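# Structural description and commentary
What follows is each chain in one-letter form.
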Amino acid sequence: MPDNLTKVKILTAFEGVPDSRTLTCYEAGGGYQALRKALALPPSEITAIVKASGLRGRGGAGFPTGLKWSFVPQDSDMPKYLVCNNDEGEPGTFKDRYICELSPHMLVEGMAISARAFGANKGYIYTRYEFFEEIAWLRTAIDEAYAAGYLGKNILASGFDFDLDHYEGAGAYICGEETGLLSSLEGKKGQPKLKPPFPAVSGYLGCPTIVNNTETLAAVPWIITHGAEAYRKIGTEKSAGTKLFCISGHVQKPGVYELPLGYPFMKFFAEEAGGMAAGRELKGCIPGGASAPILTPAELQDATLDYEDLAAKGSMLGSGAVIIVDAEQPMVELLKVVVDFFHHESCGQCTPCREGTGWLANIMHAYVKGEGKESDLPLMHNISQQMMGRTICALSDAAAMPTQAIVQKYQDELKNYLQAKAG
Amino acid sequence: MSIAITINEEEFTAEQGQTVMELAQQHDIYIPHFCWHPGLSIAGVCRFCMVEVEGRPKLEIACNLPVTAGMQVRTDSEPVQEAHKWALEFHLINHPLDCPICDQAGECGLQDYYMQVGKYQAQMTQAKVLKPKKLDVGVDLVLDTERCILCSRCVRFEDEVTKSGGLGIFDRGDRAIIGTYQNKRIEHNYTTNLVDICPVGAFTSKDFRFKKRVWFTQEAQTVCPGCATGCAIDLAFNADLKRYYRIKPRFSEVNAHWMCNFGRGMYMHLNVEQRLLSAYSAAEDAHKPMLKTDTAHIVQALAEQLQQAQQVALLVTPQYTVEDYRALLAFFVGKLGIRNVHQWRSRQEDTEKFDGVLWRGDQNPNSRGLLEVLAEFGIDKQQGNEFDTLAAGNYDLVIALAPQVLATFADIETDLQKLQELPWVSLWASAKQVLDYRYQQVLALTCFAEQRGTYRNYAGVERQLHAATSPVSAEIMSITALVEKLAACCKAQEDEHGSS
């Protein structure tokens, strides 16, 4: 493999290390040195380093992290907030919880550094309600960090204050959308907010707020320690650094893998994950969580795991949730599960999403029972088309994109299903 | 700062901070919408008002789209028309389509837009989502959550205008419903605004529903006579039947988009069963009801009493127009030199109340106007109730202008009782209820809906009345017309006396 695709352990540095969650262990492995280094730098320098590193949001959208921080108005006298989006809910995704399991301090340290970069003195980690153990681990890490002086007033005698709290979600997928998360954090119903204004200008309680994914924030200490150039050298030009990939489905070795971005999909699938489970055959792969359009085996042959290649193939890197679909999986069932999920999770604010997700689910329910019509397929395509880019947040697109992909790429199978049911 | 933009290739000058929707409304450019309302914050949830902006990859919602220099907007391109059609179809797939039994029919956004941008063949063949119907959620409110399109206007009205926060959206997705909080009802004085702003038939008015299909009504643009605020209103009536059905607010600087429930009741006293339809005079037996009498006879009798009386007084309520007061005072004060003019009002302590939104305790539409006209005739007064002063006076003729809306006077029954004990009273009124008492005579007046004229509200702002219908009976007339008749009668008497 070329240098840029050589595996580096950044987020999984503590894999296999006993007691890796403890402060002692984290410090022994060099933890909190990045914070010391960052506190000695001018805050703008931290942003500059992160910008130069090419780090992009790991929650799914892939927005450049340093650029996002630079949108926080520096002349505002309102308090600024940093919120960690740890509401990992995209079906197929289990990477952020892995960070909480391995190195919760890496996230805490990353948050303290990032907060310093744009002047936030208060932060929240917003964790998915169902992550009972992870929540306990995070709370312990926060307590330890306070006791050691890495959080709170005048951190390491730098004059910088940063308070960090933990907040549990209430179990809604939509609260993984950053403004939905902020509504929930404010104690309101988890509904995305109309943009503009964007959270960097008017977020939590109307104050400038940055919401970053757990994996994004956890990468920051390494970048500060090793420098932007070192991070940039990993991965591709537009997709720098490493990413956690969680592979699930009928593979030999499902799990979380840290790989340089740009890594060949087939190599990952065959070598790391061990290929298909015995007697199974690859039918398709959803490369970035349930909202990513499915790719066929033919499309997967030369696919690389980065933002640009998957986008060029009409899908997306998303959260890095690689769902392997085997030949025995009926696509009608898969599509029904996908549309049911988004129907259940639509917040109901925007009409195309509220009504469209329900409509798609209705059609699929009838279809699975054999009560569908061939004309349902173009109808589902059209409904999806009108759900895309029409709403406040991306949930509507998230429901529409995989629907269109399955309807288009597996239409023969879907048609045959109807005939088989009728026959 | 002004910004030049184009909409459908036509150039417009917009203000910095304005949205495309606001600019379009200002120039009557049609952009369909449900959740946007000029009196409420922007929700951006119906996703109906899609427009195309040159150089932007996606369609944008006009309601939350700030104008920028050189922006080129299209509201009529094919993608926009397609988006509007689909937006409507999304709104309608779970709507019950019960127009034949829905009171909103005829003034429903869904119906109107279907004709304007829809006209598609419905594609949804599965069962619709069922939701609670016919919910009694508060004063004058019936809620049908199945018809609701979740635009959230009502929720925002409760949060932003009345600040009562009585409504929320519960559950999510297509199960979401508008509702009140547990064991709470919406019980303020502005609830019917929720019916007005609801673009569909989710909120209907208990008072209005099933009374009249809206296409059988016309609307007169006039002013609410219910209090000193003087909200601009649309008064719905049927001209053939001479019946009034409801009052809705019309936008004006005074009341913005709203009005109170109390004011909405100001159509009830206009209908024929509440009205005094002709003149009456006292029966010979004082215990018997008054007798219906020809107006000319009554005016003649009044003219005669005016000649004989030593002490004449006027008792005037502030519920008539500036023009009527001028005609009245020009004759009685200007010509006859009568200086005993007294105000008749409700309790003073009530008149100073204000609810912080629109409603005022001074339930007279023309308090300012009355005082100003009195001053024009050299009678300077402060606002106050002088009923007792009049009652205690030793008058052998009192001409009393009763309130148009009797209910606005807290002590109206006592007042009318006291009035009938005075030696000689000519009561000018429009409510039939005055016939429960005995006066020497009663003359029938028109109501605010039957005449033009001016009120001056609490702040001195002129409010113009416009007639909706002709008077419900040929025997009733305005104060101005009555005064003219009376003046003519007096002149005839003088001429007669002069010649004899």
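Not measured: the values here are computed from a predicted model.

By a frequent convention, interface size equals the accessible area lost on bringing the separate parts together. Chain B puts 33 residues into the contact, and the matching count from chain A is 33 residues. Counting the surface lost from both chain B and chain A, the interface buries some 2700 Å², and carbon and sulfur atoms represent 55% of this. When the buried surface of chain B facing chain A is broken down by residue, Arg-47, Phe-90 and Arg-172 of chain B rank first, second and third, together holding 27% of it. Counting the contacts that link chain B with chain A gives 1 salt bridge. Notably, a salt bridge pairs Glu-345 of chain A with Arg-172 of chain B, separated by 3.1 Å at the nearest N-O pair. Along the contact surface separating chain B from chain A lie 18 residue pairs in polar contact (both at pLDDT 80 or more). Elements that contribute at least two residues to the side of chain B that touches chain A include exactly helix H2 (78-92) and strand E8 (167-170) of chain B. Per-element accounting of the side of chain B that touches chain A gives the leading share, 6 residues, to H2 of chain B.

A few words now on the domain arrangement of chain A. All names here are of chain A. Once the domains are mapped, chain A shows domain 1 (9-232), domain 2 (242-326) and domain 3 (331-422). Look at where the C-alpha atoms of domain 1 and domain 3 centre, and you get two points 35 Å apart. Between domain 1 and domain 3, the contact holds 12 residues from the first and 9 residues from the second. Between domain 1 and domain 3 the total buried area reaches about 860 Å² when both faces are included, carbon and sulfur atoms providing 70% of it.

With that settled, consider the nonpolar core. Within the largest apolar cluster, 91 residues are counted, with the highest numbers of intra-cluster contacts made by Phe-34, Leu-194, Phe-203 and Leu-235 of chain B. Element by element, the count of residues in this core is highest for H2 of chain B, at 5 residues. For Leu-235 of chain B, the residues in contact, after removing those within four places along its chain, are Gln-218, Glu-219, Ala-220, Thr-222, Tyr-244, Arg-246, Ile-247, Tyr-267, Leu-270, Phe-448, Ala-449 and Ala-468 of chain B. Counting residues in hydrophobic clusters, the runner-up holds 60 residues, among them Phe-14, Leu-23, Leu-55 and Leu-82 of chain A.

Let us now look at the sheet that holds strand E6 (residues 135-138) of chain B. Residues and elements named next belong to chain B. Spatially, the 3 strands line up as an open sheet ordered E6-E7-E10, and their pairing is antiparallel. Each edge of the sheet is formed by a strand with only one pairing partner; in this case those strands are E6 and strand E10 (203-205). Here the average twist between neighbouring strands, direction ignored, is 40°. The pairing of E6 with strand E7 (residues 141-143) spans 3 bridges and is antiparallel. Counted as the bridge partner of Leu-135 is Leu-143 from E7.

Parameters at a glance
Counting starts from 1 at the beginning of each chain's written sequence and moves along it residue by residue. Chains and ligands are labelled sequentially in the order written, the chains with letters from A and the ligands with numbers from 1. This being a predicted model, a pLDDT of at least 70 is required before a residue's local features are given, and a value of 80 or more before pairs of side-chain atoms are given or counted; all residues contribute to the totals for chains, interfaces and linings. The basis for every side-chain value is the complete set of heavy atoms in the structure, and neither hydrogens nor water enter the calculation. The contact criterion used is simple: two residues touch if any of their non-hydrogen atoms lie within 4.5 Å. Buried area counts how much accessible surface, traced with a 1.4 Å probe, disappears from two parts once they are put together, with both parts' losses summed. By convention in these notes, a salt bridge is any Lys or Arg side-chain nitrogen within 4 Å of a carboxyl oxygen on Asp or Glu. Pairs of N or O atoms are called polar contacts if they sit within 3.5 Å, as long as, within protein, a hydrogen donor faces a hydrogen acceptor (for residues adjacent in sequence, only side-chain-to-side-chain pairs). Runs of E in the DSSP output that reach at least two residues are strands. Runs of H or I that reach at least four are helices, and both are numbered from the N terminus. What counts as a domain boundary in this text is fixed by an automatic or database domain assignment. Put simply, buried Ala, Val, Leu, Ile, Met, Phe, Trp, Tyr and Cys residues joined by side-chain atoms within 4.5 Å make one nonpolar core. Only protein chains enter the accessibility calculation, which uses a 1.4 Å probe; a residue whose area is less than 20% of its type maximum is buried, one above 50% is exposed, and one in between is partly exposed. For two strands to be treated as a pair, DSSP must find at least two bridges joining them. Interaxial angle, 0 to 180 degrees, is taken between N-to-C directions of lines fitted to C-alpha atoms, where a helix line uses only the stretch in contact.

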